[in-house]
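# Observations on the model geometry
Okay, here's what each chain looks like letter by letter:
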Amino acid sequence: MKSSHQPSQSWPLVAGLPGAQETIYSFFSPSFVTLSYFSFFFSLNPFSRFDYFKSLKMKLDTSGFETSMPMIGFGSSSDMLDGFSTVPSFDLPRTTDFDGFQKEAVQMVKPAKGTTTLAFIFKEGVMVAADSRASMGGYISSQSVKKIIEINPYMLGTMAGGAADCQFWHRNLGIKCRLHELANKRRISVSGASKLLANMLYSYRGMGLSVGTMIAGWDETGPGLYYVDNEGGRLKGDRFSVGSGSPYAYGVLDSGYKFDMTVAEASELARRSIYHATFRDGASGGVASVYHVGPKGWTKLSGDDVGELHYHYYPVAPATAEQVMEEAAAE
Amino acid sequence: MARYDRAITVFSPDGHLFQVEYALEAVRKGNAAVGVRGTDTVVLAVEKKSTPKLQDSRSARKIVSLDNHIALACAGLKADARVLINKARIECQSHRLTLEDPVTVEYITRYIAGLQQKYTQSGGVRPFGLSTLIVGFDPYSRVPSLYQTDPSGTFSAWKANATGRNSNSIREFLEKNYKESSGPETIKLAIRALLEVVESGGKNIEVAVMTREETGLRQLEEAEIDAIVAEIEAEKAAAEAAKKGPPKDT
């Protein structure tokens, strides 16, 4: 069906913007493929040029987002996999040492997760807090990043690691949660949502994703908090802090934590923990946001600039006024 | 018409899927099965044809559990049932694994109905020849449910239903006599309904019960069933006597 004729003079047309001929062909693309089965003489120069153009496209396969027609007969295992998406495939780079290259690539992308996020369960629900600084090495690229992602009105996710990765996967998780709600006429549980995310991340293990997130929410069984990371790990817990500032945050959080706190006490504890982490950790700063997840969903409690918080906690004592030397009046 | 009922399920000119309709015929020839939903109990009762003396009756159970909180009874081709039940059991566990939650009754019913529908729209396969009655309690909320699926892949929830042989007469009886009930009353209603079409006696009926408090399916012993049947007979006799009028004094 495909002609083996490789027209080198068509290169400029293919590589740049499609010329008038290509545009016309691309509109009629499906019919041309079928026609070529029937009519041999159609495999002339113009058509082979079109095939060439197709082969340059990336073979990115998005079948993970569509449900495919299940195959009956041979694949009984395909029934089991109906609920899972397929892993997309992509072209491999041309190197002499692929394994070494892969390791290098992963190491380069693996950032230290420069941030501070924390979440803890207490009597009244879940408290979630985060800073808002984004850094690229030593450069502070933004002081106003939203690191607490609203997956749906009763579930929150925190962002640590690659901002794009976290944002995308949380949004993807939101889609899956919504589909679950529509299909099952009831909300997904926090453990179910975190499991979905962990399974997705596990299938991309080793491909350089950087996600260190906490999923916090309130479901039928009460408050829920899970830590999920790009290795595919998933932990259930009462208190978590993720990021480069987490050791400092843990120090303040662990020493001040009591299960029986009021919402006000818990939000103050969360805010203080973030402040102390931003004070000592260079990769954390900006605004300390605090959210509360209760039985009716989440609410944002506060968002305070950590610089101002510093003077709030450690007000500057007014210094004794110095003698102000006045300039001698000019004669 | 003959051209449209061969190997693949295709439409006939007047809009019928003959394979599906033939499958429903197979269901109508199967054993009678009754399901009743009470406020805190769900009951399944199935007609049991006399077991041959040498057969181990435990291997021929007609009411099976899909998970701790869900049970299924079916009418129709038993071999098809085995395949469908295995797939449903796998799905129950798979749901527990991915969602960390047991399935709801509606979810697993939708899955089974989806499977049955898939086989009416694929090449080279025939539909499953069975209708199922699925009972259970939802996890956490413990709301009781009864669902029915059929070979076409449709499903719906019921307060009480029957399938298989003479299901129409059983359903009529249930429509006349259904009341919201709980505990032993629900069991009695299910057995009474089945006795309309089945010879009375513990050895001709298989009954299984699930309650909100207990986990798991409880199969009633033959002796228990006999006792309830005796109760029912006594009630019937009393009702007959009352109809005939008080005995005349001589």
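All of these numbers come straight from a predicted model, not from anything done at the bench.

How each quantity is defined
- Residues numbered from 1 in each chain as written.
- Chains lettered and ligands numbered in written order.
- Predicted model: local features only at pLDDT ≥ 70, side-chain atom pairs only at ≥ 80, totals over all residues.
- Heavy atoms only, no water.
- Helix = DSSP H or I, 4+ residues; strand = E, 2+ residues; numbered from the N terminus.
- Rg over C-alpha atoms; globule rule 2.2 N^0.38 Å.
- Buried < 20%, exposed > 50% of the residue type's maximum accessible area, 1.4 Å probe, protein only.
- UniProt positions renumbered as here; feature names shortened; annotations may be inferred.
- Contact = heavy atoms within 4.5 Å.
- Arc of directions from axis to C-beta.
- Polar contact = N/O pair within 3.5 Å; in protein donor to acceptor, adjacent residues only side chain to side chain.
- Buried area = accessible area lost by both parts, 1.4 Å probe.
- Salt bridge = Lys/Arg side-chain N within 4 Å of Asp/Glu carboxyl O.
- Core = buried A, V, L, I, M, F, W, Y, C linked by side-chain atoms within 4.5 Å.
- Phe/Tyr/Trp six-rings, centres within 6.5 Å; stacked < 30°, edge-to-face > 60°.
- Pairing = 2+ DSSP bridges.
- Axes fitted to C-alpha atoms, helices over the stretch in contact; angles between N-to-C directions.
- Parallel < 35°, antiparallel > 145°, perpendicular 65-115°, else oblique.
- Left-handed = near helix turned anticlockwise from the far one by under 90°.

### Quick notes on the overall build of chain B
What chain B contains, in helices and strands, is six helices and 10 strands. Relative to a compact globule of 250 residues, whose C-alpha radius of gyration would be 18 Å, chain B shows 20 Å and is just as compact. If you line up chain B on its principal axes, its C-alpha atoms span 75 × 50 × 40 Å. Put simply, chain B has 250 residues, and 51% of those count as buried.

### Digging into the UniProt feature "active site" (unreviewed entry) in chain A
Residue and element names in this part refer to chain A. Mapped onto the present numbering, the UniProt feature "active site" (unreviewed entry) falls at T115. Of note, T115 is situated in the loop between α6 (98-109) and β1 (117-122). Ignoring anything within four residues of it in the chain, the contact list for T115 reads D131, K147, M159, A160, V242, G243, S244, G245, D281, A283 and S284.

### Concerning helix α9 (residues 246-256) of chain A
Residue and element names in this part refer to chain A. For α9, the complete set of buried residues consists of S246, A249, V252 and L253. Along the long axis of α9, the arc covered by the buried residues comes to 135 degrees, so they all point the same way. Opposite the buried face of α9, by more than 90 degrees, sit the exposed residues P247 and S255.

### Observations concerning the side chain of K147 of chain A
All names here are of chain A. On the secondary structure map, K147 appears in the loop between β4 (139-142) and β5 (148-152). Residue classification places K147 among the buried residues on the basis of a relative accessible area of 5%. A polar contact is formed between the side chain of K147 and the side chain of T115, at a distance of 2.6 Å. Not counting residues within four places of it along the chain, the set of residues in contact with K147 comprises G114, T115, A130, D131, S132, R133, G157, T158 and M159.

### Observations regarding the environment of Q93 of chain B
Mapped onto the fold, Q93 of chain B is located in helix α2 (residues 78-99). As a C-alpha pair, Q93 of chain B and D67 of chain B span 26 residues in sequence and 8.1 Å in three-dimensional space.

### A look at the interface of chain B and chain A
Size of an interface: often given as the accessible area lost when the parts come together. Opposite the 19 residues of chain B that make contact, chain A presents 23 residues. Contact between chain B and chain A buries roughly 1700 Å² in total, counting both sides, with carbon and sulfur atoms accounting for 52%. Remark: the boundary between chain B and chain A carries four salt bridges. Of the charged contacts, one joins K185 of chain A and E106 of chain B as a salt bridge, the two residues approaching to 3.8 Å between their closest N and O atoms. Our enumeration of links across chain B and chain A arrives at five residue pairs in polar contact (both at pLDDT 80 or more). Looking at the side of chain B that touches chain A, the elements that each hand over two or more residues are α2 and α3 (105-118) of chain B.

### With respect to the nonpolar core
Core analysis: the biggest nonpolar cluster contains 28 residues, and V34, I170, I191, I205 and V207 of chain B have the highest contact counts within it. Elements with a minimum of two residues in this core: β1 (33-37), β2 (41-47), β8 (160-163), α4 (167-177), α5 (184-195), β9 (205-211) and α6 (222-244) of chain B. It is α5 of chain B that contributes the most residues to this core, seven residues altogether. Beyond its immediate chain neighbours, meaning those up to four positions away, I170 of chain B contacts A32, V34, A162, R165, A193, L194 and V197 of chain B. Ranked by size, the runner-up nonpolar core spans 25 residues in total, among them C166, W169, I188 and A198 of chain A.

### A look at the packing of aromatic side chains
Taken as a whole, this structure holds 12 aromatic pairs over all chains when the rule is applied. Look at F120 of chain A and F122 of chain A: their rings are 6.0 Å apart centre to centre, the planes differ by 55 degrees, and that puts the pair in the tilted class. The exposure classification of F120 of chain A matches that of F122 of chain A, with both residues buried. Relative to F155 of chain B, the ring of Y147 of chain B has its centre 6.2 Å away and its plane inclined at 50 degrees; by these criteria the two rings are tilted. Look at Y147 of chain B and you get buried, because its relative accessible area is 12%.

### Quick notes on the sheet that holds β9 of chain B
Residues and elements named next belong to chain B. Reading across from one edge, β8-β1-β2-β9-β10 is the order of the five strands in this open sheet, with antiparallel pairing throughout. One side of each edge strand has no neighbouring strand; the edge strands of this open sheet are β8 and β10 (218-219). Where β1 and β2 come together, five bridges link them in antiparallel fashion. By the bridge assignment for β2, A33 is matched with V46. Together, β1 and β8 form the strand contacts of α4, whose direction differs from that of β8 by roughly 165 degrees. Along the sheet face, α5 touches β1, β2 and β9 and points at about 20 degrees away from the line of β2.

### Notes on the sheet that holds strand β12 (residues 297-305) of chain A
Residues and elements named next belong to chain A. With antiparallel pairing, the five strands of this open sheet are ordered in space as β10-β1-β2-β11-β12. Each end of this open sheet is capped by a strand with a single partner; those strands are β10 (239-242) and β12. Strand-to-strand, the axes of this sheet are offset by a mean angle of 15 degrees, without reference to chain direction. For β1 and strand β2 (residues 125-130), the ladder comprises six bridges, and the chain directions are antiparallel. Its bridge partner lying in β2, L118 is registered against A129. Running at roughly 155 degrees to β10, α9 makes contact with β1 and β10 of the sheet. Contacting β11 (287-294) and β12, helix α11 (residues 306-313) crosses the sheet at an angle of about 75 degrees to β12.

### Some words on the environment of V42 of chain B
Residues and elements named next belong to chain B. If you trace the backbone, V42 turns up in strand β2. Residue V42 is classed as buried on the basis of its relative accessible area, which comes to 1%. A C-alpha to C-alpha distance of 6.9 Å links V42 and G136, two positions 94 residues apart in sequence. Here V42 is in contact with V36, R37, V135, G136, F137, P144, S145, A208, V209 and M210, once residues within four sequence places are set aside.

### Some details on the packing of α9 of chain A against helix α10 (residues 263-280) of chain A
Helix-helix packing is characterised by the crossing angle of the two axes and by the distance between the axes. Residue and element names in this part refer to chain A. It is at 7 Å that the axes of α9 and α10 come closest, and there the two elements cross at 150 degrees. Judged by the inter-axis angle, α9 sits roughly antiparallel to α10. Between α9 and α10 the crossing geometry is right-handed. For the pair formed by α9 and α10, the contact residues are Y248, A249, V252, L253 and G256 on the first element and L269, R272, S273, H276, A277 and R280 on the second.

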